[in-house]
Amino acid sequence: MAGENPLFKHYLTCNVCTEILKDPVSLGCHHSFCSSCLQDFWAQAENKNCPVCKRKSSKDIEVNFAIKELADSYAGRQRSDPSDEAQARRSRHQELEETYEAMVPHLKVQRVKTERRIRAEFEQLHRFLREEEEARVAALREEEEQKRKRILLERKTLQEQIRSLSEGLSAVEADLQKDGLSFLMASTRSRTSARALLSGSDPLLLPGALLDEAKHLGNLAHRVWEEMGQRTTFSPVTLDPNTAECWLSLSDDLTSVRHSDVTQEVPNNPERFTRYLNVLGSEGFSSGEHCWEVEVGDHPDWIIGVAKESVDRRGERMVSPDDGIWCLLHRSGKYSRHTGKTLTLKRTPERIRVQLDYDGGKVSFYDPEDMTLIYTHQYTFTDSIFPWFSLGPAGEARTRGVRVCGVSSRTKPCK
């Protein structure tokens, strides 16, 4: 049989991954490779030379369907026995039925949990608005009381001045009624009293006596909105619970993840990682610059970075760009990049900053304390890229999980 011929197997083997060809493409030099392997090789080499003979390729590559059919047949990707195929299809149908059956109660669990969280969040907002309303009404009433007291005090002072003037005027009029020597003496005294009464300044109406309505009402909703914004937190990355492996537990606000002591009751939906302890962010990126920080504390076993949307979530794979993952690893007190090369850090950071420049083809990792670069990986991205996390047991560590947060105020934000 062809599958037992070593030369035939060599002909159907990719020279990059050394596996049986998948979606094979052939160059002008007649060497064949897996389409994805060749694209990744060219991206890293930054040229379009053949990985084997180094000859430059000038034509667009297309899948060689003749070789693909041979490779698929050799690898057993096609079944020759119709009964086996039918049995396999029935088995897959049964698995799907079980998954759908598990999804129905899980939908209710998700709805109840999410609804509870929504109501809790809005209750906090309602409580803030009620407290803010009461505080602003209290400030309005306080201003009214202070200005009322001031007006009454000014009014009382004015009334005393009026009474004093009236009494002085009555005394002058009484002196003018006298005659002879008494009149002359009283006249002198009256002039002195009159000058004293007229020496004071004229009374003025108190400015600022009315309520400052503009202060209380001007841009009220906007100012309350700004105040609310200062009391809320924003996370640049929200974790997607539908992707989390069953041993991972997410916080209610979907910003932190920890390794659980028990498995989570979750369905086997297509988005979920089932082989490795991984979870994705809920939003992917296909352009621009993006950054976020991850609080890792003293957790002993974590991997953080980014991954392609198409990353394999069920099969065996490596934590490497070849399998669509760019990351920083920390295990047993040692840091390494995806290639396994150990990295030397001058300090042990409790936070890691991840910075993605999609258009520039760079993923960088920093210690945000002083923005020391840990390392940068370059790659030409074509898929949507998602924040990616992997977490092992915390053991005796104080930090039980890792948490996503915004960039530190002391560090330079993304553009």
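Remember, it's a predicted structure, so these values are computed and weren't measured experimentally.

**What to know about a negative patch on the surface**
A cluster of acidic residues, E95, E97, E98 and E101, forms a negative patch on the protein surface. Inspection of the secondary structure puts E101 in helix α4 (residues 82–176).

**Quick notes on the environment of L38**
For L38, the position within the fold is in helix α2 (residues 35–45). As a C-alpha pair, L38 and N49 span eleven residues in sequence and 9.7 Å in three-dimensional space. Once residues within four sequence positions are removed from consideration, L38 is found in contact with V25, L27, F33, P51 and I61.

**Points about the sheet that holds strand β8 (residues 325–331)**
Spatially, the six strands line up as an open sheet ordered β5-β14-β7-β8-β9-β10, and their pairing is antiparallel. At either margin of the open sheet sits one strand with a lone partner, and together these are β5 (278–280) and β10 (342–343). The pairing of strand β7 (residues 301–308) with strand β14 (residues 385–391) spans seven bridges and is classified as antiparallel. For K308, the partnering residue across the bridge sits in β14 and is I385.

**With respect to α2**
Because the α-helix completes a turn every 3.6 residues, residues three or four places apart line up on one side. Taken as a whole, α2 has its buried residues at C37, L38, D40 and W42. On its buried face, α2 sits against β1 (24–26), β2 (32–34) and β7.

**Examining the environment of P349**
Of note, P349 is situated in the loop between β10 and β11 (351–357). Judged by its relative accessible area of 1%, P349 is buried. Along the sequence, P349 and V296 sit 53 residues apart, while their C-alpha atoms lie 8.1 Å from each other. P349 has contacts with V296, G297, Y335 and D367, leaving out every residue within four places of it along the chain.

**Considerations on the sheet that holds strand β3 (residues 248–250)**
Pairing within the open sheet is antiparallel, and its seven strands lie in the order β3-β4-β15-β6-β11-β12-β13. Only two strands of the sheet have a single partner each, and these edge strands are β3 and β13 (372–378). Adjacent strand axes in the sheet meet at a mean angle of 20° when their direction is disregarded. Note: strand β12 (residues 362–367) against β13, six bridges, orientation antiparallel. Paired with F365 across the two strands is Y375, which belongs to β13.

**Overview of the confidence of the model for the protein chain**
Across the protein chain, the average pLDDT comes to 84, with 86% of residues at 70 or higher. Mean pLDDT values over the elements of the protein chain span from 60, in helix α5 (residues 180–198), up to 97, in β5.

**A word on the pairing of strand β9 (residues 334–337)**
Relative to β9, β8 runs antiparallel, the two being bridged by four bridges. Bridging from a neighbouring strand, R331 pairs with K334 of β9. In sequence, β8 turns back onto β9 through a hairpin of two residues, with S332 there showing a positive phi of about 55°. Pairing analysis gives two bridges linking β9 to β10, with the strands arranged antiparallel.

**Observations regarding the pattern of salt bridges**
Inspection of every chain in the model, using the stated rule, returns 20 salt bridges. With a shortest N-O distance of 2.9 Å, K147 and E143 are connected by a salt bridge. A residue pair is termed a helical-turn pair when its members lie 3 or 4 positions apart in one helix, as K147 and E143 do in helix α4 at four residues. With a relative accessible area of 8%, E143 lands in the buried category.

Cut-off values and rules
- Residue positions are counted from 1 within each chain, in the order its sequence is given.
- With pLDDT at 70 or above as the cut-off, local features in this predicted model cover only qualifying residues; side-chain atom pairs require 80 or more to be listed or tallied, and sums for whole chains, interfaces and linings still use all residues.
- Here the side-chain values reflect all heavy atoms present in the structure, with hydrogen atoms and water set aside.
- Surface patches are defined over residues having more than 30% relative accessible area and no salt bridge, joining like charges when they lie within 9 Å and nonpolar side chains (Val, Leu, Ile, Met, Phe, Trp, Tyr) when within 5 Å.
- A 1.4 Å probe and the Shrake-Rupley method give the accessible areas. Residues count as covered only by the protein chains that appear here.
- Here, a salt bridge means any Lys or Arg side-chain nitrogen found within 4 Å of an Asp or Glu carboxyl oxygen.
- Lys and Arg are tallied as positive, Asp and Glu as negative. Neither His nor the chain termini are counted.
- The atoms used to mark charge sites are NZ of Lys, CZ of Arg, CG of Asp and CD of Glu.
- Put simply, DSSP H or I for four residues or longer makes a helix, DSSP E for two residues or longer makes a strand, and each gets a number counted from the N terminus.
- Here, two residues are considered to be in contact whenever any of their heavy atoms come within 4.5 Å of each other.
- Only when DSSP finds a minimum of two bridges between them are two strands counted as paired.
- For every residue, the accessible area obtained with a 1.4 Å probe (protein chains only) is divided by the maximum for its type, and the residue is called buried under 20%, exposed over 50%, and partly exposed between those limits.
- Only the stretch in contact is used when fitting a helix axis, every axis being a line fitted to C-alpha atoms; angles between N-to-C directions are given from 0 to 180 degrees.
- On a range of 0 to 100, pLDDT expresses the predictor's confidence in each residue.

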